[in-house]
Each structure stands twice: as structure tokens, then as C-alpha cells.
Amino acid sequence: MPLPDPLRSRIVLVGASDYTDPDLPDLPAVRRTVTDLAAQFTDPDHGIVPEEHCTVLLNDGDLSRVGRRLQDAARAAEDLLLVHFTGHGLVGGRRHDLYLALSHSEYGSPDFNSLEYDKVRATVLDSPAATKIIVLDCCFSGRAVNDAMSGDGTDLAQLEVAGTYVLASSSHDQVSLSPPDEEHTAFSGRLLRLLREGVVGGPEELTVAELYRRLAALMRSEGLPVPRNRGTENADQIALGLNRAFAATAAAALRERYQEAEQQALRGDWAGAAEALHTVLDEQTRVLGPEHGDVLRTRRALAHCLGGAGHPAEAVRMLRPLPEAYAHLYGEDDPETLHTRQFLAVNLGESGHRVEAAALLRILLADRSRVLGGEQEDTLRTRHMLARNLAMTGAEEEAAALLRQLVSERDRVLGLNHEHTVRARKDLAALEGGARGV
């Protein structure tokens, strides 16, 4: 299931860190928890709603105002409605109903000054939102846990909302909301960690189901109370964020596919390699972003393969913006930037633009000589390509002079019988033979 539509979704974060009743101890970590949850859910790059669609009710003791804000968000939500409460959970009334403590709640008599869960449930149920999620990060008295959240598989029966997913932080009667060495509550802090850091080896999107599975395993491994859940109608399949660790995992797998396509090109299957690289490029762009180094490298390789497959004009179209992109990412004199400029020049020549290709190669030769040295292999390759293009534009004397220099340098650097030396000598012989009318 995709991420929720940000313009048709609403989030309500309710929490109380300060209490007027001395029987309700303050919970300092709640303030940071609610604030950081709001920042996460509204983050421009990694959040799921814009800031104006996230209602934050922190230390608001006005029960009627809290109720109105909750109702307003519930009515406006069409895709996702997420209600998250952090604070004390209380029990009141003859039925031992669940109440969510606000700043002015009273421990012994929550009925008229606390947020009654049944009313929250009814408000959420009445929302037109396609997916409704309630998260309760609160502790209950021992009796509330026994009645409402026993560990028998039906522990959230009284919390269930049709078509809605309910996630409760614990079923224990003694919940440490904020470990002394942590800045967030135990449950929501780990939820935040998963959303901020991602799950290595996990899916691209962090669904509610995936988050619950990871949370349960994480809290169990740390000896913390294990959260409980209950849901209907696949509500747990909605995503609350992209997996920030997915890119690193996916990038490695995509690099392997890139290398396989490279080997395909080396075997001469240019068209097949281009098809494979096109698929890799689409996935890399989506996962890594268009400016990532891996994406630029695949774009360059795809263009090169298209040129090898007989489509140099298409290769030129793809390559023209790449030198600037490489320079922006790596620098003007980086070998990869220089390499990209040569790819463009080669395909310009192959597509019939020999004069432009020669002009680019002339500048590139000077830059490679300065950066890499006059006898470095890539510099020699540029000299060879410049000579070829000059010869095809009629500048045969200059081309021959370059080839004589190239033969001498390759003899010295690569050896007399190296294939590149032999090729340069053949090109020089052909050019000199043509000039003599042979």
C-alpha cells in the first residue's frame, strides 16, 4: 500500500507531560516525544502530512477544546486519520472505562476531566477516512490491564474500532513510560527510531504491520513491555514513512545489476545492456534520487550502450547535461567528470558532429594533461580520439602530428606490441598513406 495522500490525511498528537494532580506524576519525556513525533510526521522529505494537517495538543487541559480539535481533524480526514496519545492512562466508572489523562485530570476521578476513550473511538469511527489508526502510549492501573488488555489474544476488544488499527504500548500494569537515560517514552521513542533510521534489510515503505513487528521484537529483546495490536480491513498495510535504510540496501543490489549489464556490454550485447540499464536507472532514480552518483553513472553507461547499439544521437541527448551534473557532484577536474566529457565527445563524433567533437576533445586533452599527466592512459586515449575526429574534418596534418606523438608515447608507456599502440600506428599509416595518394 502506498504512503497516505498528505492533502487528504490528518494526524492528531495528544500528550500531557505536566499534571496539576499530585497523584499524577509529571512525565517530562512526553513533551519531547510529542514534539519529535510532530517533526517526523511533517518532515518535508520524510513525513506523511504537511504541518497544517498535524494537530498537536500538548498539555492542553481544556477537555472541550481537545474534543473539538479531534473532531475537526476526524471530519477532514479522507485517506488516513492517525490519533496518537502519550501520557497517563486512567480507569474510572463502574465499568472501569479507559480515560486518557490531560493536564487537569484527577487520578481518583477522571470521569469529567479526562478524555474518555469511548468518545475518542466514536469520533474516529465516524471519520470518513479510509484508514484509521489509534496509538496509545500510556500506562493503565493493574485493573485496567486485566480487564482491557489481558494477554489472551482478545486483549484489545474494548479498544477496537471497525476498519481501524489500534496499537497499545503495553499490557503490563507497571509500564516505564520514560527510562531514566532516554529522552523519549520507551514505546514512542523506539517508534521514532524506526521512522528516523529505518530498518536495514526491510521493505521500501514502513507499513504499520512492519513497524509493529519490529517494535515488538525490539522491545522484547530489551526486556521492555511488548506492545499489543488489533486491526481490521488491512488497515495495518498503510505506510507511515519510507524506510530510510532501504536506499543503502537497494543501492548495493542495484550496483550488482549495473555490473551485470556492464559485462553484457563487454560481450558486445549493447542493446541488451541498454535495456537492463534502463530498468536499473528507473529504480535508482526512484530510490536514490536523480542527483545520486550511482544514478549519474548509470545514465552515462546507458547512453554509452545506446551509442554502441547504433543510436549515437540518442546517446548525445542523454550525455549533454551529464558533465555539468558530474562537475556539480564531484568537481570540474574529477576523473569521472573528465570521463563523462569524453563519452559526450565520442558520441558527438559518431553522430556526425565531428567539428564539435574535435573542439570538445581539444579542451579535454588540455585538462586531462594538466590533471592526469600527458602520458596517462586516459590522456592518450583523448589524444587518439581527437586525431581521429580531426582527420575526418580535413585537418589531416594536425591529426598526423598527434598520431606520431601518440605512437611514440604508447611505445614508451604501453610497449611496442600493445593493442592500443598497434591501433595508433595503423591509424597513422592509413592517414599518411592517404596523404601520399597510396
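To be clear, the structure that these remarks concern was listed above.
Now for a description of the structure that goes with this document.

### A word on the pairing of strand β4 (residues 97-100)
On β4, burial covers both faces: Asp-97 and Tyr-99 on one face and Leu-98 and Leu-100 on the other are all buried. One ladder, built from 4 bridges, connects strand β3 (residues 80-92) with β4; its direction is antiparallel. Each bridged residue has a counterpart across the sheet, and for Leu-90 the counterpart in β4 is Tyr-99.

### Examining the packing of helix α12 (residues 335-350) against helix α13 (residues 354-372)
One can describe the packing of α12 onto α13 by two numbers: an axis separation of 8 Å at closest approach and a directional angle of 160°. Classified by the angle their axes make, α12 and α13 are roughly antiparallel. For the pair α12 and α13, the crossing hand works out as left-handed. Here α12 contributes Pro-335, Leu-338, His-339, Arg-341, Gln-342, Leu-344, Ala-345, Leu-348, Gly-349 and Glu-350 to the contact with α13, which in turn contributes Arg-354, Glu-356, Ala-357, Leu-360, Leu-361, Ile-363, Leu-364, Asp-367, Arg-368, Val-371 and Leu-372. Of the residues contributing to the contact of α12 with α13, the split by class is 12 nonpolar, 3 polar and 6 charged.

### Quick look at the environment of Arg-196
Along the chain, Arg-196 turns up in helix α5 (residues 186-197). For the pair Arg-196 and His-46, spaced 150 residues apart in sequence, the C-alpha to C-alpha distance is 8.5 Å. Those residues in contact with Arg-196 that sit more than four places away from it in its chain are Asp-36, Gln-40, His-184 and Arg-244.

### Concerning helix α15 (residues 396-413)
Here α15 contains 18 residues, and its C-alpha end-to-end distance of 25 Å stays within 8% of the 26 Å for a straight helix at 1.5 Å per residue. Among all positions of α15, only Ala-399, Ala-400, Leu-402, Leu-403, Leu-406, Val-407, Glu-409 and Arg-410 are buried. Backbone geometry just after α15 places Gly-415 at a positive phi near 110°.

### Topic: the nonpolar core
Ile-11, Leu-13, Phe-41, Ile-133 and Leu-240 are the most contacted members of the largest nonpolar core, which has 42 residues in total. Only β1 (10-15), α1 (28-41), β3, β6 (131-139), β7 (164-168), α5 and α6 (208-221) provide two or more residues apiece to this core. Those residues in contact with Ile-11 that lie beyond four places of it in its chain are Phe-41, Ile-48, Val-49, His-53, Cys-54, Thr-55 and Leu-82. Judged by nonpolar contacts, the second largest core, of 30 residues, contains Tyr-258, Leu-288, Ala-325 and Leu-344.

### What about helix α3 (residues 117-125)?
Taken together, the buried positions of α3 are occupied by Tyr-117, Val-120, Thr-123 and Val-124. Viewed along the axis of α3, the buried residues span an arc of 120°, placing them on a single side of the element.

### Section: the packing of aromatic side chains
By the definition in use, this model includes 1 aromatic pair. The ring of Tyr-258 is capped by Arg-297, whose NZ or CZ atom sits 4.1 Å from the centre of that ring. Directly above the ring of Phe-343 sits Arg-300, whose terminal nitrogen or CZ lies 5.5 Å from the centroid.

Rules and cut-offs
- Throughout this description, residue numbers start from 1 for each chain and increase along the sequence as written.
- Side-chain atom pairs in this predicted model are given and counted only at pLDDT of 80 or more, local residue features only at pLDDT of at least 70, and totals for whole chains, interfaces and linings cover all residues.
- To get the side-chain values, all heavy atoms of the structure are used, and hydrogens and water are removed first.
- Three labels apply to residues, based on accessible area from a 1.4 Å probe with only protein chains included: buried if under 20% of the type maximum, exposed if over 50%, partly exposed otherwise in between.
- Strands are runs of DSSP state E lasting at least 2 residues, helices are runs of H or I lasting at least 4, and numbering of each runs from the N terminus.
- Pairing between two strands is assigned when DSSP locates at least 2 bridges connecting them.
- Here an axis means a line fitted to C-alpha atoms, over the contact stretch when the element is a helix, while the angle between two N-to-C directions is reported on a 0 to 180 degree scale.
- In what follows, roughly perpendicular refers to angles from 65 to 115 degrees, roughly parallel to angles under 35, roughly antiparallel to angles over 145, and oblique to any angle outside these ranges.
- Less than a right angle of anticlockwise turn of the near helix away from the far helix marks a crossing as left-handed, whereas a clockwise turn marks it as right-handed.
- Residues count as neighbours in contact if any of their non-hydrogen atoms are within 4.5 Å of one another.
- Classes in brief: Ala, Val, Leu, Ile, Met, Phe, Trp, Tyr, Cys and Pro nonpolar; Asp, Glu, Lys and Arg charged; the others, Gly included, polar.
- What a helix is expected to span follows from its residue count: subtract one and scale by 1.5 Å.
- Residues enter a nonpolar core if they are buried and are Ala, Val, Leu, Ile, Met, Phe, Trp, Tyr or Cys, with the set joined through side-chain atoms within 4.5 Å.
- Here the arc refers to the set of directions running from the helix axis out to each C-beta atom.
- Working definition: a ring pair exists when centres of Phe, Tyr or Trp rings (six-membered ring for Trp) sit within 6.5 Å. Plane angles under 30 degrees give stacked, over 60 give edge-to-face, the rest tilted.
- Only when the NZ of Lys or the CZ of Arg is both within 6 Å of the ring centre and within 35 degrees of the ring normal is a charge said to sit over the ring.

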